[in-house]
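Results of the structural survey
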Amino acid sequence: MGKGIIGGITSALVLGGVGYAIWYFVLGKPKNTDELIDGVGNAVGNTKDAVAGFDFGDVLDTLEGMDWGQFFDQDPWGGNGTVTPWNEKYIERDNGGLHLTLVNSLSANWQTEFETAVADWSESDALVLTTESLPVDDAWDNERKCAKQEGKMVVCNGNFGDTGWVGINYNEIMGTRVISSVAQMNEYYLNNANFEHRRFTMCHEIGHGFGLPHTDENPYNKNLGNCLDYTDDPSTNLLPGDVNMEKLREVYLGQATGKRLLRRVENDDGSVTETIGWVINEDKKEV
């Protein structure tokens, strides 16, 4: 009997302490019913924000009625049909091809799209992919979340504003080879987009991270069935296609025997942009 009473008192104290903590820390010490209701509403809102990972601020409510094809106008990969390989030190041509780590610097609401894209690209026999997660803090700005890491591809999301692009990829080139890559998802357009648009964008930008070009740059013709094809309806362009997989084989499993300068552009700031074609000795094709 004594133990039962003591147990009951202990339970009451614990519950009372938990209740007080909720009243004080979660609900904001409400003094009446109206303040209690406000406190519950704020707690729910904060929980949703925590689950999503970030408060992205002003974003589009929907992409319904918008021309998806317009979002390719600002793509820096436009007009470049060549493959830019990674530095040779990341390639094992007789052991799976390109060995690359993808850094997951994404909020919780992008994990499914990321995992799906990694699994889809891992079907390539010329890629050996590993992933690691960056413990992203919601106080970080876009620059910190998307900071490049040498020898890796960073995949991140953030509200980059009304830029005209839904996703973008930046490959850092040393000499003629990629040494780091950053794939960015723009929450301004994609935060409330449907899964197909988000999945397509993730697959597309990660594909560029491997050095792959577009397979077609007319978003209004028939879909080619791969995520590097411009499209105004991504429903049938959600996956890497055979043409993408073949390019990966040519570049990362074939032997690079030489290179050819295809284009050299002197920029206004004095820098020079060169487009290089690598010759693969398996079929002597330029890629």
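The paragraphs below set out a description of the structure included in this document. (Residues numbered from 1 in each chain as written. Predicted model: local features only at pLDDT ≥ 70, side-chain atom pairs only at ≥ 80, totals over all residues. Heavy atoms only, no water.)

Some thoughts on the overall build of the chain
Under the convention used in this document: Only DSSP runs of H or I covering at least 4 residues are called helices, and only runs of E covering at least 2 are called strands; the numbering of each starts at the N terminus. Throughout this description, buried means an accessible area under 20% of the type-specific maximum (1.4 Å probe, protein chains only), exposed means over 50%, and partly exposed covers the range between. Residues count as neighbours in contact if any of their non-hydrogen atoms are within 4.5 Å of one another. Only the protein chains shown count as cover for residues, and the accessible areas themselves come from Shrake-Rupley with a 1.4 Å probe.
Of the regular secondary structure elements, the chain holds 7 helices and 8 strands. Relative to its 287 residues, the chain shows a buried fraction of 43%. Pairs at least 24 apart in sequence give 68% of the contacts found in the chain among residues at least 6 apart. Accessible surface, the chain as shown: approximately 14900 Å² in total, 51% of it carbon and sulfur.

As for the state of the cysteines
Note the cut-off: In what follows, a disulfide is any cysteine sulfur pair within 2.5 Å.
A full pass over the atoms with the stated rule returns 2 disulfides. A disulfide bridge connects Cys146 with Cys156, and the sulfur atoms are separated by 2.0 Å. For the disulfide bridge between Cys146 and Cys156, the dihedral angle about the S-S bond is near 110 degrees, and by the sign convention the bridge is right-handed. Linking Cys146 in the loop between helix 4 (142-145) and strand 4 (152-158) with Cys156 in strand 4, this pair joins segments that are 10 residues apart in sequence. The disulfide bridge from Cys203 ends at Cys227, spanning 2.1 Å between sulfur atoms. On the sign convention where negative means left-handed, the S-S torsion of about -55 degrees between Cys203 and Cys227 marks this disulfide as left-handed.

Considerations on the pattern of salt bridges
Heads up, the condition is: What counts as a salt bridge is simple: a side-chain nitrogen of Lys or Arg found within 4 Å of a carboxyl oxygen of Asp or Glu.
Going through the model one piece at a time under the given rule, you end up with 8 salt bridges. Residue Lys152 is joined to Glu132 by a salt bridge in which the shortest nitrogen-to-oxygen separation is 2.9 Å. A residue pair is termed long-range when its members are at least 10 positions apart, and Lys152 in strand 4 and Glu132 in strand 3 (residues 127-133) qualify at 20 residues. Since its relative accessible area comes to 22%, Lys152 is described here as partly exposed. Classification of Glu132 as partly exposed rests on a relative accessible area of 34%. A salt bridge links Glu246 to Arg249; the nearest nitrogen and oxygen atoms lie 3.0 Å apart. With Glu246 and Arg249 both in helix 7 (residues 242-252) and 3 residues apart, the pair spans about one turn of that helix. Of the residues examined, Arg249 reaches a relative accessible area of 30% and is grouped as partly exposed. One network of salt bridges, with partners in common, ties together Glu88, Arg93 and Arg177.

Considering the packing of aromatic side chains
Note the following rule: Each Phe, Tyr or Trp ring, with Trp reduced to its six-membered ring, pairs with another whose centre is within 6.5 Å; inter-plane angles below 30 degrees give stacked pairs, above 60 give edge-to-face pairs, and intermediate values give tilted ones. To sit over a ring, a charge needs its Lys NZ or Arg CZ within 6 Å of the ring centre and within 35 degrees of the ring normal.
Counted under the stated rule, the structure contains 4 aromatic pairs. Relative to Phe210, the ring of Trp121 has its centre 5.3 Å away and its plane inclined at 70 degrees; by these criteria the two rings are edge-to-face. Linking Trp121 in helix 3 (residues 111-121) with Phe210 in the loop between helix 6 (195-209) and helix 7, this pair joins segments that are 89 residues apart in sequence. We classify Trp121 as buried; its relative accessible area is 0%. Across from the ring centre of Trp110, 3.8 Å away, lies the NZ or CZ of Arg198, which sits over that ring.

Re the packing of helix 3 against helix 6
When two helices pack together, their arrangement is given by the angle between the helix axes and the distance between those axes. Put simply, the rule reads: Between N-to-C directions, angles cover 0 to 180 degrees, with each direction set by a line fitted to C-alpha atoms, over the stretch in contact for helices. Here the angle decides the label: under 35 degrees means roughly parallel, over 145 means roughly antiparallel, 65 to 115 means roughly perpendicular, and every other value means oblique. A clockwise turn of the near helix away from the far one marks a right-handed crossing, whereas an anticlockwise turn of less than a right angle marks a left-handed crossing. The nonpolar class holds Ala, Val, Leu, Ile, Met, Phe, Trp, Tyr, Cys and Pro. Asp, Glu, Lys and Arg form the charged class, and all remaining residues, Gly among them, are polar.
One way to put it is that helix 3 packs onto helix 6 with a least axis distance of 9 Å and a crossing angle of 50 degrees. What the angle tells us is that helix 3 and helix 6 run oblique. Every pair of crossing elements has a handedness; the one defined by helix 3 and helix 6 is right-handed. On helix 6, the residues that touch Thr112, Glu113, Phe114, Thr116, Ala117, Asp120 and Trp121 of helix 3 are Phe195, Arg198, Arg199, Met202, Cys203, Ile206 and Gly207. Its residues assigned to classes, the contact of helix 3 with helix 6 comprises 7 nonpolar, 3 polar and 4 charged.

Comments concerning the side chain of Gln184
If you trace the backbone, Gln184 turns up in strand 6 (residues 177-186). Other than its neighbours up to four places away in sequence, Gln184 contacts Cys146, Cys156, Phe160, Trp165, Val166, Gly167, Ile168, Tyr170 and Glu205.

Here's the deal with the nonpolar core
The criterion, for reference: Buried Ala, Val, Leu, Ile, Met, Phe, Trp, Tyr and Cys residues form a nonpolar core when they are joined through side-chain atoms within 4.5 Å.
Core analysis: the largest hydrophobic core is formed by 39 residues, its most contacted members being Leu98, Trp121, Val155, Met202, Ile206, Phe210 and Leu248. Of all the secondary-structure elements, those providing two or more residues to this core are strand 2 (97-105), helix 3, strand 3, strand 4, strand 6, helix 5 (187-190), helix 6 and helix 7. Apart from the residues lying within four places of it in its own chain, the contact partners of Leu248 are Trp121, Ser124, Ala126, Leu127, Phe210, Leu212 and Leu253. Of all hydrophobic cores here, the second largest spans 5 residues; its members include Val103, Cys146, Val154 and Val182.

Some points on the pairing of strand 6
Test applied: Pairing between two strands requires that DSSP report at least two bridges joining them.
With respect to burial, strand 6 is a largely interior element, 10 of its 10 residues being buried. Pairing between strand 4 and strand 6: 6 bridges, direction parallel. For Asn157, the partnering residue across the bridge sits in strand 6 and is Met185. Summarising the sheet, strand 5 (residues 167-174) and strand 6 pair through 8 bridges and their orientation is antiparallel. Residue pairing in the sheet places Asn171 in a bridge with Ser181 of strand 6.

Describing helix 3
Counted only if it meets this: Picture the helix axis, draw a direction to every C-beta atom, and the arc is the one those directions span.
For helix 3, the complete set of buried residues consists of Glu113, Phe114, Ala117, Val118, Asp120 and Trp121. The arc that holds the buried residues of helix 3, viewed along the axis, is 160 degrees, so those residues lie on one side. Buried residues in helix 3 make contact with strand 2, strand 3, strand 4, helix 6 and helix 7.

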